[in-house]
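# Commentary on secondary and tertiary structure
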Amino acid sequence: MQNSLESLVNVLESYRGRDKVIRTLCYGSQLVGGVLSEKPGLSSAQLGKSLLLFSAQLSHCRTVLRLFDDLSMLTYSQSYGLGAGEEDSALRWMSVLNNVADQLYYPCEHIAWAADAKIISAKSDKWWLLSGILWGVSLLLGVFRSMRVVMLLRKKLRKSTRGNSSEGTVASRSQLRRQVQGEVLSILSSMADLSNAIHWMPPGFLWAGCFPNWLVGLMGTTSSLIGLIQMGASQAVTA
């Protein structure tokens, strides 16, 4: 119990960890709130409405916190550059385009938020749409990139399997399998988020506007839990 509490505190003390927890609570509240709001009975509907309002406030909180993400994203984009250290050219250019989409996403969202808050005189609709498109493009590129990584890792696995069965080779194969599992989880996470990104597009585009609250919450919760699992796995490796 003490170890679990310490782990939670450690997660909450980091910005990324806190954001993942808030995100999970946000979508989890939307999932439960969406289910309860559709149930008969005044008490269930009222509780569902309260959870949906709580979810909206957490979402707004994350939007405000992202006002400070531009510089960290810029630093990452600059460090990656044109991906000179990447062995595969397809991976390199998908990563570069992904970084461009992510970098442009933040200022578009900031302008939309500022317009809604009446800080600037502008219509927020087009900026929310543009930020949503950039987020969707980023997610789609992330899916393609992870698929490419999985393909390359499987090639390495096949070569390793045909090699000798020394202890070092076995350990290498185990590491490659863990990397494949991580990329598969990333694909599932991105696909769940992408389904929500399309839902928030203008009506008439694929299934835009068709998801009930509980389904948006389910997709977001799935993605958020995968993110928490991956963060925990990453911390376990570096520990």
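Each remark here, short or long, concerns the structure printed above.
The text that follows walks through the structure, step by step, so that each part is easy to find. Every chain begins its residue count from 1, and numbering advances along the sequence as written. Predicted model: local features are reported for residues with pLDDT of at least 70 only, side-chain atom pairs are reported and counted for 80 or more only, and whole-chain, interface and lining totals are derived from all residues. Hydrogens are left out, water is left out, and the side-chain values use all remaining heavy atoms of the structure.

Now for the overall build of the protein chain. Secondary structure is summarised from DSSP: a helix means a run of H or I of at least four residues, a strand means a run of E of at least two, and numbering begins at the N terminus for each. In terms of regular secondary structure, the protein chain is built from eight helices and zero strands. Along the protein chain, helices and strands appear, N-terminal first, in the series α-α-α-α-α-α-α-α. Expressed along its principal axes, the backbone C-alpha trace of the protein chain runs to roughly 65 × 45 × 35 Å. What sets the accessible areas is the Shrake-Rupley method with a 1.4 Å probe; for residues, cover comes only from the shown protein chains. Here the protein chain has roughly 14400 Å² of accessible surface; of this, 64% comes from carbon and sulfur atoms. A distance of 7 Å separates the average location of the 23 positive side-chain charges in the protein chain from that of its 16 negative side-chain charges. Within this scheme the basic residues Lys and Arg register as positive and the acidic residues Asp and Glu register as negative, but His and the chain ends are omitted. Working definition for charges: the position is that of NZ of Lys, CZ of Arg, CG of Asp or CD of Glu.

Another point: the packing of aromatic side chains. Put simply, two rings from Phe, Tyr or Trp (the six-membered ring, in Trp's case) pair if the centres are within 6.5 Å, and we call them stacked under 30 degrees between planes, edge-to-face over 60, tilted for the rest. Summed over the entire model, instances satisfying the criterion amount to three aromatic pairs. Aromatic pair Y105 and Y106: ring centres 5.5 Å apart, planes at 75°, arrangement edge-to-face. Of the two residues, Y105 and Y106, both sit in the buried class. An angle of 25° between the planes, with centres 6.2 Å apart, marks the rings of W135 and W200 as stacked. Of this pair, W135 sits in helix 6 (residues 125–162) while W200 sits in the loop between helix 7 (167–199) and helix 8 (213–238), placing them 65 residues apart in sequence. Exposed residues in this analysis have more than 50% of their type's maximum accessible area, buried residues have under 20%, and partly exposed residues fall in between, with area computed by a 1.4 Å probe over protein chains only. A relative accessible area of 45% places W200 in the partly exposed class.

With that out of the way, let us pick up a positive patch on the surface. A cluster of basic residues, R154, K155, K156, R158, K159 and R162, forms a positive patch on the protein surface. Structurally, the position occupied by R162 is in helix 6. Taking relative accessible area as the criterion, R162 reaches 66% and is therefore assigned exposed. Residues enter patches when their relative accessible area tops 30% and they take part in no salt bridge; the joining distance is 9 Å for like charges and 5 Å for the nonpolar side chains Val, Leu, Ile, Met, Phe, Trp and Tyr. Salt bridges, as used here, are contacts in which a Lys or Arg side-chain nitrogen is within 4 Å of a carboxyl oxygen on Asp or Glu.

For the rest of this paragraph, the subject is helix 3 (residues 42–65). If you check helix 3, its first and last C-alpha atoms are 35 Å apart, about what 24 residues at 1.5 Å a residue would give, namely 34 Å. Residues of helix 3 that are buried include every one of G48, S55, L58, R62 and T63, and no others. The contact definition used throughout considers only heavy atoms, calling two residues in contact when any of these lie within 4.5 Å. Summarising the contacts, the buried residues of helix 3 are in contact with helix 2 (15–37), helix 5 (89–116) and helix 6. A helix is expected to span 1.5 Å multiplied by its residue count minus one.

Note on placement: T24 falls in helix 2. Note on T24: relative accessible area 15%, which makes it buried. The contact partners of T24, leaving out residues within four places of it in the chain, are S224, L225 and L228.

Following both chains from N to C, one finds helix 5 and helix 6 inclined at 155°, their axes separated by 8 Å at the closest point. Classed by the angle they form, the pair helix 5 and helix 6 counts as roughly antiparallel. The handedness of the crossing between helix 5 and helix 6 is left-handed. Along the lines of polarity and charge, the residues of the contact of helix 5 with helix 6 split into 21 nonpolar, five polar and five charged. Here an angle of 0 to 180 degrees is reported between the N-to-C directions of two axes, which are lines fitted to C-alpha atoms, with helices fitted over the stretch in contact. Between 65 and 115 degrees an angle is taken as roughly perpendicular, under 35 as roughly parallel, over 145 as roughly antiparallel, and anywhere else as oblique. When the near helix sits turned anticlockwise from the far one by under a right angle, the crossing is termed left-handed; a clockwise turn instead gives a right-handed crossing. For this classification, Asp, Glu, Lys and Arg are treated as charged, while Ala, Val, Leu, Ile, Met, Phe, Trp, Tyr, Cys and Pro are nonpolar and the rest, including Gly, are polar.

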